[in-house]
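Next come the chains, spelled out residue by residue.
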Amino acid sequence: MAVLKVKFTKTKRDKLAQILWILNWVSVVSGIILFSLGLFLKIEIKKRNEVMAKGDINSVPNMLISVGVIACIINFLGGKICYDCSDANKFSRWKLVMLPYIVCTFCFTFCILVGALMCYTMRNELEESLYLGLRDAIKFYKDTDIPGRCFLKKTVDMLQIGFQCCGNNGFRDWFEIQWVSARYLNMASKEVLDRLKSNVDGKFLVDGVPFSCCNPSSPRPCIQYQLTNNSAHYNYDFLTEELNIWVKGCREALLDYYTDIMRSIGVVALLIWLFELSVLIGVRYLQTAMKNVLLLGDLEGESDGWLLENSFVETAKYNINIIKNLGKANQISTVSGMNDPNIDVQKTNCGKPNVTTKSIPAAS
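Bear in mind that the values here come from a model prediction, so they are computed numbers and not experimental data. (Residues numbered from 1 in each chain as written. Predicted model: local features only at pLDDT ≥ 70, side-chain atom pairs only at ≥ 80, totals over all residues. Heavy atoms only, no water.)

Asks: Where do I start with helix α5 (residues 123–139) in this structure?
Replies: The periodicity of an α-helix, 3.6 residues per turn, causes residues three or four positions apart to be oriented the same way. With 17 residues, α5 should reach 24 Å at 1.5 Å per residue; the first-to-last C-alpha distance of 24 Å fits that figure. When α5 is considered as a whole, its buried residues turn out to be L126, S129, L130, G133, L134, A137 and I138. Projected down its long axis, α5 shows its buried positions confined to an angular sector of 145°, all on one face. Opposite the buried face of α5, by more than 90 degrees, sit the exposed residues N124 and E128. (Helix = DSSP H or I, 4+ residues; strand = E, 2+ residues; numbered from the N terminus. Expected span 1.5 Å × (residues − 1). Buried < 20%, exposed > 50% of the residue type's maximum accessible area, 1.4 Å probe, protein only. Arc of directions from axis to C-beta.)

Put into structure tokens, the structure is as follows:
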């Protein structure tokens, strides 16, 4: 029994073909939107590539870009097919193409759904990439004279100013690394030497942060050094008073930024998937209705259209049997009641045949 069978008159078939022709062109625009969103996300990730570890974070934008390009091609072809389906004679040349086209389009719409879901599942990979990338960027903050790292100080400073953040997890991350270059340390100073000797690794560690961590909206001058020493500043308590530096870590700030972008892209991709799915359903109805018209032979008469010719269970069993028989394609099938022609073949007696000799008539 057919699933969701609908009866179509010629007028309804023509209207459906015209509507699907328009919707396919709208789908081309949706493909351009997917491509643009993927390209935008890829550019945004590339902007801060220096503070991200290498990983699979580009899988989502690459997926969206690929799906967007395929959407433009498939829907352009679908628009041509639907336009020709308004004429039964023109439909004949697309008759064998439409079912493979529908199958390919179904796989394509599934890829859109996967891309939309990936936008919501990418957070963990992105968080790990940001954590490792920011850790290394802060670690090499002081290396302004080393090629390949000299740009990291500016990158981190602009990042902290732009996203109003400080450190990787927070401002205390700066306490654990030497972020002041040795060329700016006075080695004749007893305080500097004491700090270097007090550290096992010989690093100059201070309870201070770079200037880019300062909050310009703070009413008091920025306190960058001795942040945990209450006696070093007048009327200051770092535990109770709101610090005049950014408290949020840059990993959290960047993660929130990219998460908002990907959630918005995910919503758009889901809406496009629903739209593409509805267009695909319409094309399936048009294909089955036009096919049945040709079978009936009455191009002006009514015809039935459906999503599946048989029930879901029967269709599933049929497809499963096809998959099972794929492995048996190279095997020789035998007909019931007949043996394989290559087996048990009787050998031909190549010796002298037993020929009955005829008697020679006697001469008269």
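Now that the structure has been shown, we can carry on.
Asks: Would you mind going over a nonpolar patch on the surface with me for this structure?
Replies: Residues W21, I22, W25, V26, F76 and Y83 make up a contiguous nonpolar surface patch of about 610 Å² in total accessible area. Elements represented by at least two residues in the nonpolar patch include exactly α1 (10–47) and α2 (59–84). Checked against the element boundaries, I22 lands in helix α1. (Patch = residues over 30% accessible without salt bridge, like charges linked within 9 Å, V, L, I, M, F, W, Y side chains within 5 Å. Areas by Shrake-Rupley, 256 points an atom, 1.4 Å probe, with all protein chains shown as cover. Salt bridge = Lys/Arg side-chain N within 4 Å of Asp/Glu carboxyl O.)

Asks: Explain the packing of α1 against helix α8 (residues 250–296) here, please?
Replies: When two helices pack together, you describe them by how their axes are tilted relative to each other and by the distance separating the axes. Where α1 contacts α8, the axes come no closer than 9 Å and their chain directions differ by 155°. In this view, α1 runs roughly antiparallel relative to α8, as classed from their interaxial angle. Considering how the two elements wind past one another, α1 and α8 form a crossing that is left-handed. Taken together, the residues of the contact of α1 with α8 sort by class into 27 nonpolar, 4 polar and 3 charged. (Axes fitted to C-alpha atoms, helices over the stretch in contact; angles between N-to-C directions. Parallel < 35°, antiparallel > 145°, perpendicular 65-115°, else oblique. Left-handed = near helix turned anticlockwise from the far one by under 90°. Nonpolar A, V, L, I, M, F, W, Y, C, P; charged D, E, K, R; others polar.)

Asks: I tried to follow the side chain of N244 on my own but got confused; where do I start?
Replies: Turning to its location among the elements, N244 is positioned in the loop between α7 (190–198) and α8. Overall, the relative accessible area of 4% leaves N244 in the buried class. Within the local environment of N244, its side chain forms a polar contact with the backbone oxygen of P221, the two atoms lying 2.6 Å apart. With residues near it in sequence (within four places) discarded, N244 still touches C214, N215, S218, R220, P221, C222 and I223. (Polar contact = N/O pair within 3.5 Å; in protein donor to acceptor, adjacent residues only side chain to side chain. Contact = heavy atoms within 4.5 Å.)

Asks: Mind showing me how you'd approach the packing of aromatic side chains here?
Replies: The description of an aromatic ring pair rests on the distance of the ring centres and on the angle between the ring planes. Using the criterion set out here, one finds 9 aromatic pairs in the structure. Consider the rings of Y141 and W174, whose centres lie 5.0 Å apart with planes at 75°: the pair is edge-to-face. With Y141 in the loop between α5 and α6 (152–162) and W174 in the loop between α6 and α7, the pair connects residues that are 33 residues apart, well separated along the chain. Neither Y141 nor W174 differs from the other in exposure class; each is buried. Arranged with centres 6.2 Å apart and planes meeting at 15°, the rings of W179 and Y225 form a pair that is stacked. Residue W179 is located in the loop between α6 and α7, and its partner Y225 is located in the loop between α7 and α8; the two are separated by 46 residues in the primary sequence. We classify W179 as buried; its relative accessible area is 9%. Site record: aromatic cluster; members linked through ring pairs are Y141, W174, W179 and Y225. (Phe/Tyr/Trp six-rings, centres within 6.5 Å; stacked < 30°, edge-to-face > 60°.)

Note that every value here comes from positions in space, so none of it alone points to a role or purpose.
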